[in-house]
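Chain by chain, the residues run as shown.
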Amino acid sequence: MPLPKILVTGATGKTGSAVVFQLLARNYPVRAAVRVRDQRSASLERRGAEVVVADLFDPDQLRDAMLGVQRAYYLPPIHPYAIHSAVAFAVAAQEAKLESIVQLGQWLSHRSHPALMTRQTWLMDRVFARLPGITHTIINPGMFADNFLRVIDFAALLGLFPILMGDSECAPVSNEDIARAAVAVLEQPERHHGMTYRPTGPKLLAGTDMARIVARVVGHGVLPMKLPFWMFLKVAQQQGVDPFMISSLRYYIEDNRNGAFSFEGGVTTVLEDLTGAPAESFETTARRYAAMPFARQTLRNRLRAFANFNLTLFYPGYDLKRIDRALGFPMPPNPTFSIEDERWRREHSQMMARQPVVQPLHRPKAA
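Residues numbered from 1 in each chain as written. Predicted model: local features only at pLDDT ≥ 70, side-chain atom pairs only at ≥ 80, totals over all residues. Heavy atoms only, no water.

Draft legend 1. Geometry of helix α4 (residues 82–95). With 14 residues, α4 should cover 20 Å at 1.5 Å per step; its first-to-last C-alpha distance of 20 Å lies within 8% of that length. On the buried face of α4, the contacting elements are β1 (6–8), α3 (59–66), β4 (71–74), β5 (100–104) and α5 (116–129). (Helix = DSSP H or I, 4+ residues; strand = E, 2+ residues; numbered from the N terminus. Expected span 1.5 Å × (residues − 1). Contact = heavy atoms within 4.5 Å.)

So, in structure tokens, the structure goes:
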């Protein structure tokens, strides 16, 4: 019996591409939805994916991308109008008679959070859960290891590891492990209908713990450097990071400092329960990042890093209040951080208690 075809949105992104490659390794036919054709989409095609260009905000293009597909992985765009995309996806899924949606959610998902993206994620959770006849599962990770390892070049090349979140702890999870959880659900989604799974790394870590691990990975001393947020805004603008992402991140930093990501112990065995293999360690993930071209310890990279580091002070830095005003972001009448909200704590305590042991599914062997 042929395996079902699976649509993956955000297919050239960090978790989306990992989902594509893992599904292909299991012989599933994959349709990869991308914004544009480029080198990244060409790489997906070379690996065996069917690539389609689709606007995530257009229900007709999404419906066309879903025709002939049974299951889908929905990766919400980090965008001020992300909820528009989710509703368009939901409409298209009904018209195309999709059977299952696995959605990447957010641990902080909360109706009154000050971050617009987080409030929209809370709405997305409920939009998809109410689609009749379509099974729905949320993959709800906490802090991504990628959030911390984007600056591994600072450690490798300059001996500095920036820390934004003080002494607070989280259990950072890799993009590849998030994808493993999503793929496990996509293989037999009816078993997981209505569930929310929280994949995490295997251990709570503070920034200083990560710095020690990174030092071991890069092979020399690394100084943990508590980075003021005003300096981070300069680095973000220097590197061209999307200001909307930074607008949300400022609140996530505060949530982490308040203990939201270590709530109820902060560590789950979801990955081992779903896949039979435990979550990879932060050191394993860090070694993969340290081997990337931008972090290799070459003279050229060192000179570039030194120059950029010294130029940072001359960048103005994002003015987030001005950006919020210009975009007209709505704000709830009584915004609260997730950990401060009694309803969020109650619901997430129940969610952590429901993380079940699921026997790993027997997988078809790769060709």
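Draft legend 2. Structural context of helix α10 (residues 229–238). Burial of α10 is extensive: seven of the ten residues sit out of reach of the surface. Listed as buried for α10 are Met231, Phe232, Leu233, Lys234, Val235, Ala236 and Gln238. The elements touched by buried residues of α10 are α11 (243–257), α14 (299–311) and α15 (320–327). (Buried < 20%, exposed > 50% of the residue type's maximum accessible area, 1.4 Å probe, protein only.)

Draft legend 3. Structural view of the layout of surface pockets. Quantified by volume, the second largest pocket comes out at close to 350 Å³. Along the wall of the second largest pocket there are 18 residues; nearest its centre are Asp125, Arg126, Ile138, Thr196 and Met351. Mapped onto the lining of the second largest pocket, the elements with two or more residues apiece are α5, β6 (135–139) and α16 (342–353). Partitioned by chemical class, the residues of the lining of the second largest pocket number five nonpolar, eight polar and five charged. (1 Å grid on protein atoms, 1.4 Å probe; cavity = no way out; pocket = protein on both sides within 12 Å on 5 of 7 lines; lining within 4 Å. Points joined across faces, edges and corners; volume = space filled by probe spheres on them. Nonpolar A, V, L, I, M, F, W, Y, C, P; charged D, E, K, R; others polar.)

Draft legend 4. Region of interest: the packing of aromatic side chains. Counting across every chain of the model gives nine aromatic pairs. Taking 6.5 Å as the distance between ring centres and 75° as the angle between the ring planes, the aromatic pair formed by Phe154 and Phe309 counts as edge-to-face. Pair noted here: Phe154 is in helix α7 (residues 152–158) and Phe309 is in helix α14, with a separation of 155 residues, a long-range link. Of the residues examined, Phe309 reaches a relative accessible area of 34% and is grouped as partly exposed. One aromatic cluster in this structure is built from Tyr74, Phe89 and Phe128. The ring centre of Phe21 lies 3.9 Å from the NZ or CZ of Arg47, which sits over that ring. Looking at Arg198, its charged tip hangs above the ring of Trp107, at a distance of 3.9 Å from the centre. (Phe/Tyr/Trp six-rings, centres within 6.5 Å; stacked < 30°, edge-to-face > 60°. Lys NZ or Arg CZ within 6 Å of the ring centre and 35° of its normal.)

Draft legend 5. How the structure looks around the side chain of Gln106. The residue Gln106 is located in the loop between β5 and α5 in this model. Note on Gln106: relative accessible area 17%, which makes it buried. Side-chain polar atoms of Gln106 contact the side chain of Tyr252, separated by 3.2 Å. Setting aside chain neighbours within four positions, we find Gln106 in contact with Thr118, Thr121, Asn140, Pro141 and Tyr252. (Polar contact = N/O pair within 3.5 Å; in protein donor to acceptor, adjacent residues only side chain to side chain.)

Draft legend 6. View of the environment of Leu75. Mapped onto the secondary structure, Leu75 falls in the loop between β4 and α4. Residue classification places Leu75 among the buried residues on the basis of a relative accessible area of 16%. The spacing of Leu75 and Ala86 is eleven residues in sequence and 9.3 Å in space, taken between C-alpha atoms. Not counting chain neighbours up to four residues away, the residues in contact with Leu75 comprise Thr9, Gly10, Thr15, Gly16, Leu56 and Leu104.

Draft legend 7. Fine view of the packing of α4 against α5. With their axes 9 Å apart at the nearest point, α4 and α5 run at an angle of 10° to one another. Judged on the interaxial angle alone, α5 and α4 are roughly parallel. Residues Ala82, Ile83, Ala86, Phe89 and Ala90 of α4 touch α5, and the partners they reach there are Met117, Gln120, Leu123, Met124, Val127 and Phe128. Grouping the constituent residues of the contact of α4 with α5 by class yields ten nonpolar, one polar and no charged. (Axes fitted to C-alpha atoms, helices over the stretch in contact; angles between N-to-C directions. Parallel < 35°, antiparallel > 145°, perpendicular 65-115°, else oblique.)

Draft legend 8. Summary view of the nonpolar core. Core analysis: the biggest nonpolar cluster contains 84 residues, and Met66, Phe89, Ile101, Phe161, Ile246 and Phe282 have the highest contact counts within it. When near neighbours in sequence (up to four residues on either side) are disregarded, Met66 contacts Leu7, Arg31, Phe89, Ala92, Ala93, Ala96 and Leu98. Judged by nonpolar contacts, the second largest core, of 35 residues, contains Val20, Val34, Leu44 and Ala184. (Core = buried A, V, L, I, M, F, W, Y, C linked by side-chain atoms within 4.5 Å.)

Draft legend 9. Quick peek at the pattern of salt bridges. Here the structure, examined in full by the defined rule, presents 20 salt bridges. Residue Arg180 pairs with Asp177 through a salt bridge whose shortest N-O separation is 2.9 Å. With a gap of three residues between them, Arg180 and Asp177 both fall in helix α8 (residues 175–187), about one helical turn apart. A residue is classified by how much of its surface remains accessible, and Asp177, at 3% relative accessible area, is buried. Residues Glu283 and Arg216 are paired through a salt bridge, measuring 2.8 Å at the closest nitrogen-oxygen approach. (Salt bridge = Lys/Arg side-chain N within 4 Å of Asp/Glu carboxyl O.)

Draft legend 10. Structural detail: the packing of helix α1 (residues 14–25) against helix α2 (residues 39–47). Packing of α1 against α2 leaves a shortest axis separation of 10 Å and a crossing angle of 10°. When the axis of α1 is compared with that of α2, the two are roughly parallel. When α1 is examined against α2, the residues Val20, Phe21 and Leu24 are found in contact with a partner set consisting of Ser43, Leu44 and Arg47. Here the contact of α1 with α2 is built from residues that sort into four nonpolar, one polar and one charged.

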